[in-house]
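Okay, here's what each chain looks like letter by letter:
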Amino acid sequence: MYRFSLYRLVVVLCVITISYTTVRWWQLMFGNDSGSGQPFQHTCNMTEPYRHELERLFERVHRLLAQHGLTHFLCYGTLWGQIRMARMLPWREKAEFCVLNDELMRHEEARFIRSFLANQMEIRYIHSEGIYRIFANEPASVTLPPFVELIVFQLDETQRMYKRVGWKRRILPPHCDWTPSLDCFPMNLLQGSLPSRPLGPSSYIVPMGGIELQKYHYPDNWWKDVKERNCNLN
């Protein structure tokens, strides 16, 4: 009979942990969890009411971040929407602001979260990804409620680059050239007076050069204008 022992259990757990860490390291080094670098592969499956709800929630989040004096700018798919059609892309279920960790650290986290709750918004922090995810508390006019993400970046003064935070990235090499999942971009894109650009019914801050940020977050296809099926991008 195969006897149980604490030693064997510890060995098995160590092997599982090492295997999982190796797989995640490989995915983060050579994959991309945030969707950057991937071609647009969706149809326009979000309705106009959904997009209106998303734009409304996005504006509410913007106003609250402005009240806190936090730098927040369009990035990822939301920046693509501004560049391509000055609206939310009709196949996206969420919208993104990128924010700066140094500024967030100057705010008491409990008070920051309470301010969203007081404005009828639910907010939760995803520690592994370094993302705040925000939903509206009141009933939406659509079946699936939209949400907004605040994607947190930290300045690396040595490299003069901003890079993503989140505990799963801390176990990886910290250099931008070695770890694509850090989604690095140069600090000069946030220097000076940042411009505002229209997105839906409102205008929002964008990084310097607009599309320049996408050259870093979508290095393999930022120049491509992929035509979506069932879409009328007007």
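This text follows the structure it describes.
Fair warning: this is a prediction, and the values are worked out from it, not measured in the lab. (Residues numbered from 1 in each chain as written. Predicted model: local features only at pLDDT ≥ 70, side-chain atom pairs only at ≥ 80, totals over all residues. Heavy atoms only, no water.)

Undergrad: I tried to follow the environment of Glu93 on my own but got confused; where do I start?
TA: Counting through the fold element by element, Glu93 comes out in the loop between helix H3 (76–85) and strand S2 (94–100). Separated by 54 residues in the primary sequence, Glu93 and Phe147 place their C-alpha atoms 7.2 Å from one another. Residues within four places of Glu93 in sequence aside, it is in contact with Met46, Tyr50, Leu54, Pro146 and Phe147. (Helix = DSSP H or I, 4+ residues; strand = E, 2+ residues; numbered from the N terminus. Contact = heavy atoms within 4.5 Å.)

Undergrad: Explain helix H2 (residues 48–67) to me, please; I cannot follow it from the model alone.
TA: Think of an α-helix as turning once every 3.6 residues; residues three or four places apart then point the same way. Taking 1.5 Å as the rise per residue, H2 with 20 residues should run 28 Å; its terminal C-alpha atoms sit 29 Å apart, in good agreement. Positioned one or two residues after H2, Gly69 has a phi angle of 70°, which is positive. (Expected span 1.5 Å × (residues − 1).)

Undergrad: Explain the state of the cysteines here, please?
TA: In protein structure, a disulfide is the covalent linkage between the sulfur atoms of two cysteines. Within this structure, the stated rule accounts for two disulfides. What pairs with Cys75 in a disulfide is Cys98, and their sulfur atoms sit 2.2 Å apart. Residues Cys75 and Cys98 are joined by a disulfide whose S-S torsion is about 100°; by sign, that bridge is right-handed. Here Cys75, found in the loop between strand S1 (72–74) and H3, pairs with Cys98, found in strand S2; they are 23 residues apart in sequence, far enough to count as distant. Note on accessibility: Cys75 and Cys98 belong to one class, buried. Covalent S-S linkage joins Cys176 and Cys184, the inter-sulfur distance amounting to 2.1 Å. Residues Cys176 and Cys184 share a disulfide whose torsion about the S-S bond is about -80°; that sign makes it left-handed. A relative accessible area of 13% means that Cys176 is categorised as buried. (Disulfide = S-S within 2.5 Å. Buried < 20%, exposed > 50% of the residue type's maximum accessible area, 1.4 Å probe, protein only.)

Undergrad: Please clarify how the packing of aromatic side chains should be interpreted in this entry.
TA: How two aromatic rings sit relative to each other is given by the distance of their centres and the angle of their planes. In this structure the tally under the stated criterion is twelve aromatic pairs. Seen in terms of ring centroids, Phe97 and Tyr204 are 5.8 Å apart; in terms of plane orientation they differ by 65°. Their pairing is edge-to-face. Of this pair, Phe97 sits in strand S2 while Tyr204 sits in strand S9 (residues 202–205), and the two are 107 residues apart along the sequence. On the numbers, 5.2 Å between centres and 75° between planes, the contact of Phe112 with Phe116 is edge-to-face. Pair noted here: Phe112 and Phe116 are both in helix H5 (residues 109–118), with a separation of four residues, about one helical turn. For Phe112, a relative accessible area of 3% gives the class buried. Through successive ring pairs, a cluster of aromatic residues spans Phe73, Phe153, Tyr162 and Phe185. (Phe/Tyr/Trp six-rings, centres within 6.5 Å; stacked < 30°, edge-to-face > 60°.)

Undergrad: How do you make sense of H5 when you look at a structure like this?
TA: Of all the positions in H5, only Phe112, Ser115 and Phe116 are classed as buried. Buried positions in H5, seen along its axis, are confined to an arc of 95° and lie on one side of it. The exposed set on the far side of H5, more than 90 degrees from its buried face, consists of Arg111 and Ala118. Looking at the buried residues of H5, the elements they touch are H2, helix H4 (101–104), strand S3 (121–126), strand S4 (131–136) and strand S5 (147–156). (Arc of directions from axis to C-beta.)

Undergrad: Is there a simple way to explain the packing of H2 against H5 in this structure?
TA: Axis angle and axis distance: for two packed helices, these are the angle between their axes and the distance between the axes, and together they describe the pair. At a closest axis distance of 11 Å, the pairing of H2 and H5 adopts a crossing angle of 140°. Judged by the angle between their axes, H2 and H5 are oblique. Note on packing geometry: the crossing formed by H2 with H5 is right-handed. Contacts from Val61, Leu64 and Leu65 in H2 reach Phe112, Ser115 and Phe116 in H5. (Axes fitted to C-alpha atoms, helices over the stretch in contact; angles between N-to-C directions. Parallel < 35°, antiparallel > 145°, perpendicular 65-115°, else oblique. Left-handed = near helix turned anticlockwise from the far one by under 90°.)

By themselves, these are just geometric observations and shouldn't be taken as functional.
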